[in-house]
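Structural overview
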Amino acid sequence: MAAPGAAGVPAAVSGKQEFHQLLKNLINPSCMVRRQAEEIYENIPGLCKTTFLLDAVRNKRAGYEVRQMAAALLRRLLSSGFEEVYPNLPSDVQRDVKIELILAVKLETHASMRKKLCDIFAVLARNLIDEDGTNHWPEGLKFLVDSIYSKNVILWEVALHVFWHFPGIFGNQERHDLDIIKRLLDQCIQDQEHPAIRTLSARAAAAFVLANENNITLFKDFADLLPGILQAVNDSCYQDDDSVLESLVEIADTVPKYLGPYLEDTLQLSLKLCGDSRLSNLQRQLALEVIVTLSETATPMLKKHTNIIAQAIPHILGMMVDLQDDEDWVNADEMEEDDFDSNAVAAESALDRLACGLGGKLVLPITKEHIMQMLQSPDWKDRHAGLMALSAIGEGCHQQMEPILDEMVNSVLLFLQDPHPRVRAAACTTLGQMATDFAPNFQKKFHETVIAALLRTMENQDTQDVENMSDDDGWQFVNLGDQQSFGIKTSGLEAKATACQMLVYYAKELREGLVEYIEQIVKLMVPLLKFYFHDNVRVAAAESMPFLLECARIRGPEYLAQMWQFICDPLIKAIGTEPDTDVLSEIMSSFAKSIEVMGVGCLNDEHLEELGEILKAKLEGHFKNQELRQVKRQEENYDQQVEMSLQDEDECDVYILTKVSDILHSLFSTYKEKILPWFEQLLPLIVNLICSSRPWPDRQWGLCIFDDIIEHCSPTSFKYVEYFRWPMLLNMRDNNPEVRQAAAYGLGVMAQFGGDDYRSLCSEAIPLLVKVIKCANSKTKKNVIATENCISAVGKILRFKPNCVNIDEVLPHWLSWLPLHEDKEEAIQTLSFLCDLIESNHPVVLGPNNSNLPKIISIIAEGKLNETINCEDSCAKRLANVVRQIHTSEELWLECISQLDDEHREALQELLNFA
């Protein structure tokens, strides 16, 4: 640590002045000073922290920034740290905290600081109401009530602010104090002299209603506050404050019935605000959100107001036309963050939801009339919006649009040749959405027409690019290292990308229907792996490869091999040269899937050599990047913003690591032990991943790679056992469930595929697996997948290595842990083993006098109910036979189902019907 005098950081804190200096250092621009101050602050006992912070908050001589920091820390201490600190304070200190906080709120003159103190007041009040609703701070509640009855506007604001933050502050006295609450809200919401009071009271009223979302009686009692809330919505919007409008959206979402008596007024106000171009985009979108949300949460109510819908849809379409003539649009790979805030994007989403909420019978006639006019407009923005509107309503208007689908599709196809690139892109998008909304009929009726049109669009664009090469206007040039410069007519990029995505969709869905176009599509797509002008084009090109190979397989192995020869080399090279992480991950994923399609022998020696060098470079780069990030964390300018950037980089690196794992998985599962000599060039790097000092994602994916080796390359895999034996066992105790899951899965496949060499390791694994399963929090959402892998691993050891364990001792425990709910693949494994045990009449499983059969029936019913048991699974019929056998004994059957609810009984009946 630096010398205290030099940095101004006290080595310890024993008095108020030193604590004030510490608070100053917590907001010091120097990273080093802040870090030292944070360490000192964390080591201050809770009692001292509380008293020092409260004093600093009230001490006006400390300066606003110091008081602001103290308020933030005190709020955190009394919220997330409440249980650790407050109950351990002496009773006199607890009393002083309450008294001091009331005085601080009452006497504070700085408006911003007063709001922060109100926040702290609300946090403490929330924590001092117990589960029965008893308020253990009656003085605080009395202060609020007195504030309501006072003539002091500032105290009104205090009471409203606290009540808005914590509308449950009255606890179990709320029912008796409803008149007081209503008086507070009513008198403030009618206050014409103080707009801020009116706004805050409207927000507080909304918060109170939302906090009582199941109290229909209260809605009626507080309904007469709604006109005031709506007036506050209107007034605050024109004061550049959308907070009350946001509260109205929450009411529409959570308690739409509250709006019932004034629904027409609510809708008319929303319509007015939505159509007022003087308001900000966000405010107009929030106003529209009220209407759209009500279409989802109060559909029957809204359907009665067809006049509002007839007015809202033109407003929505008008917002969809709100597009910018952005020259850089053509160079954008994907939507920018600002695009998601645009009127056009928000309105398109709103139209989609409105159609789904209200249905096509109401929405289509109104919308179609406007769309047809927009498509005939000379303004490209109208044509673009019309197409996107047609795309948006397909799902909600499915039934009504199906009979006129021919007309709709033929209309859209015309716009693939539109002179404006964004209209062409919109046409591609609309066709893609229609293909999804109207599948499978769309594919059957239109695939030939649409595919031909898409190919024509792409080829025409390429031809146009070449013809216009002499004109630099509208061209973008990219220099790739020492290679030549590449140029492209940028106006066609988005249409090209969308057309590529459409071809991917068709390759995935049509298979046989695409065969006659396969060669033409492959010749288009493979060169696009190097299309550096638009990331989404390269993504689509990569994504298409395994699907195109599946299509080619229909023409026989020789044709498939020829196509793979055309694809393979460029695909491997793209893994080595792709500069963008998102695109690279898609290329690597595509390569892995392609290996699985092609099978063993698909890579020649040159391919394997090149691939090995590329993967080695990726792994070495992964470690190097981690070292560089650690260096940056020690630099003087390191702060929270830098840390967030470093974490983003780390996530990208880890994602590429997962794709390295995917490629290795495809090779191990396809080539089996034949690939191991090639793999050994990567072995030191994979071993490095599972070192205890590595970050947990490294260990997770390193273990996954060894899991694949054990599963697919055994018994030869045992030659590497000393590399992964202890890491796999030790990582069963890791704090991260993802690591425990990877370790547990590896122990399970050792038993299932590993051979006799793994017997001792399986014996060592049992107590570690059992310990994880029996941990108190093993079934929490965070841990359950890892725990279920442990249960499955125990089952695999019992099933495949029975000599490694005392079966009679462990089997009853294993049965008690069933069923598995979350990991469907492992759940099927356990049910298959359960079938083996039942069919062999295993006495431990059946229990004395078949006493375990009710438990077994419950497990089977749960498996069917949560869709683990699928009629296509091999063990479904076996389980159905078990149920049928028990069903033959009426007395036994009744005993088994007596503890089951109706849903589980229905699940069993479905299984019986299947049998």
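None of the values given here were measured: they were computed from a predicted structure. (Residues numbered from 1 in each chain as written. Predicted model: local features only at pLDDT ≥ 70, side-chain atom pairs only at ≥ 80, totals over all residues. Heavy atoms only, no water.)

Our next topic: the overall build of the protein. Secondary structure summary: the protein contains 47 helices and two strands in total. For the protein, the spread of C-alpha atoms along the three principal axes comes to 90 × 80 × 80 Å. Counting over 915 residues, the protein shows a buried share of 54%. For the protein, the proportion of contacts with a sequence separation of at least 24, taken over those separated by at least 6, is 71%. For the protein, the computed accessible surface area is about 41,700 Å², with 49% contributed by carbon and sulfur atoms. Averaging the locations of the 84 positively and 137 negatively charged side chains of the protein gives two centres separated by 4 Å. (Helix = DSSP H or I, 4+ residues; strand = E, 2+ residues; numbered from the N terminus. Buried < 20%, exposed > 50% of the residue type's maximum accessible area, 1.4 Å probe, protein only. Contact = heavy atoms within 4.5 Å. Areas by Shrake-Rupley, 256 points an atom, 1.4 Å probe, with all protein chains shown as cover. Lys, Arg positive; Asp, Glu negative; His and termini not counted. Charge placed at Lys NZ, Arg CZ, Asp CG, Glu CD.)

This brings us to the nonpolar core. Core analysis: the biggest nonpolar cluster contains 324 residues, and Phe-442, Leu-603, Phe-679 and Trp-814 have the highest contact counts within it. With near-sequence residues (within four places) excluded, Phe-442 lies in contact with Leu-405, Val-409, Leu-431, Met-434, Ala-435, His-447, Val-450 and Tyr-506. (Core = buried A, V, L, I, M, F, W, Y, C linked by side-chain atoms within 4.5 Å.)

This paragraph deals with helix α38 (residues 737–753). Counted at 1.5 Å a residue, the expected span for α38 with its 17 residues is 24 Å, and the 24 Å between its end C-alpha atoms agrees. Counting buried positions over the 17 residues of α38 gives 13, a clear majority of the element. Directly beyond the C-terminal end of α38, a positive phi value near 85 degrees is found at Gly-755. (Expected span 1.5 Å × (residues − 1).)

Turning our eyes to something else, we now look at unusual backbone geometry. In this model, Ser-714 is joined to Pro-715 through a cis peptide bond whose omega is 5 degrees. Topologically, Pro-715 is positioned in the loop between α36 (696–712) and α37 (721–730). Of note, the bond from Leu-818 into Pro-819 is cis; its omega dihedral lies within 30 degrees of zero at 5 degrees. Within the secondary structure, Pro-819 is located in the loop between α41 (807–817) and α42 (824–839).

Here we take up the environment of Asp-707. Counting through the fold element by element, Asp-707 comes out in helix α36. Using a relative accessible area of 2% as the deciding quantity, one classes Asp-707 as buried. Between the alpha carbons of Asp-707 and Phe-724 there is a distance of 9.5 Å; along the sequence they are 17 residues apart. When near neighbours in sequence (up to four residues on either side) are disregarded, Asp-707 contacts Met-728, Ala-742, Tyr-745, Gly-746 and Val-749.

Before going further, it helps to spend a moment on the side chain of Glu-788. Take Glu-788: it is sitting in helix α40 (residues 784–800). Within the buried core, Glu-788 has no salt-bridge partner, and the shortest N-O distance to an opposite charge, that of Lys-779, equals 6.0 Å. At 3.0 Å, the side chain of Glu-788 and the backbone nitrogen of Glu-822 are in polar contact. Not counting residues within four places of it along the chain, the set of residues in contact with Glu-788 comprises Leu-820, His-821, Glu-822 and Asp-823. (Salt bridge = Lys/Arg side-chain N within 4 Å of Asp/Glu carboxyl O. Polar contact = N/O pair within 3.5 Å; in protein donor to acceptor, adjacent residues only side chain to side chain.)

A cluster of nonpolar side chains, namely Ile-99, Leu-103 and Leu-107, defines an oily patch on the protein surface of about 240 Å² accessible area. Among the secondary structure elements, Leu-103 is positioned in helix α7 (residues 91–107). Using a relative accessible area of 32% as the deciding quantity, one classes Leu-103 as partly exposed. (Patch = residues over 30% accessible without salt bridge, like charges linked within 9 Å, V, L, I, M, F, W, Y side chains within 5 Å.)

With that out of the way, let us pick up a negative patch on the surface. On the surface, Asp-605, Glu-606, Glu-609 and Glu-613 cluster together to form a negatively charged patch. One can find Glu-613 in helix α32 (residues 605–632). A relative accessible area of 48% places Glu-613 in the partly exposed class.

Right, let's get into the side chain of Arg-284. Checked against the element boundaries, Arg-284 lands in helix α17 (residues 281–297). One buried charge, Arg-284, has no salt-bridge partner; the nearest side chain with opposite charge is Asp-322, at 4.9 Å. Those residues in contact with Arg-284 that sit more than four places away from it in its chain are Leu-273, Cys-274, Asp-276, Ser-277, Leu-279, Met-319 and Asn-343.

The next subject is the packing of aromatic side chains. Tallying each qualifying case throughout the model produces 16 aromatic pairs. For the pair Phe-531 and Phe-533, a centre-to-centre distance of 5.4 Å together with 75 degrees between the ring planes defines the contact as edge-to-face. Aromatic rings pair up to connect Phe-163, Phe-170, Phe-208 and Phe-222 into one cluster. Between the NZ or CZ atom of Lys-182 and the centre of the ring of Phe-222, over which it lies, the distance is 5.9 Å. When the ring centre of Trp-726 is taken as origin, the NZ or CZ atom of Arg-725, which lies over that ring, is 5.9 Å away. (Phe/Tyr/Trp six-rings, centres within 6.5 Å; stacked < 30°, edge-to-face > 60°. Lys NZ or Arg CZ within 6 Å of the ring centre and 35° of its normal.)

Before going further, it helps to examine the environment of Asn-172. With respect to the helices and strands, the residue Asn-172 is situated in the loop between α10 (153–165) and α11 (178–189). Residue class for Asn-172 comes out partly exposed when judged on its relative accessible area of 39%. Along the backbone, Asn-172 and Met-372 are 200 residues apart, and their C-alpha atoms lie at a distance of 59 Å. Excluding residues within four positions of it along the chain, Asn-172 makes contact with Asp-132, Gly-133 and Thr-134. In this structure the side chain of Asn-172 is engaged in a polar contact, spanning 3.3 Å, whose partner is the backbone oxygen of Asp-132.

Moving on, we get to the pattern of salt bridges. Evaluation of the coordinates by the stated rule reveals 33 salt bridges. For Asp-119, the salt bridge goes to Arg-75, with nearest N and O atoms at 3.6 Å. Of this pair, Asp-119 sits in helix α8 (residues 111–127) while Arg-75 sits in helix α5 (residues 64–79), and the two are 44 residues apart along the sequence. One salt bridge connects Asp-836 with Arg-878, and the closest N-O pair in it is separated by 2.5 Å. Here Asp-836 is found in helix α42, whereas its partner Arg-878 is found in helix α45 (residues 874–887), with 42 residues between them in sequence. Among the charged side chains, a salt-bridge network with shared partners connects Arg-799, Asp-836, Glu-839 and Arg-878.

Another point: the confidence of the model for the protein. Taken over all residues, the pLDDT of the protein has a mean of 88, while the share at 70 or more is 93%. Between residues 1–11, whose pLDDT stays under 50, and residues either more than four places distant or in other chains, the model counts 20 contacts. Across residues 330–340, where pLDDT falls below 50, the model places 19 contacts with residues more than four positions away in sequence or in other chains. (pLDDT = per-residue confidence, 0-100.)

Another point: α5. Across its 16 residues, α5 extends 22 Å between first and last C-alpha, which sits within 8% of the 22 Å expected from 1.5 Å per residue. Its buried side turned inward, α5 meets α2 (16–26), α3 (31–42), α4 (46–58), α6 (82–85) and α8.

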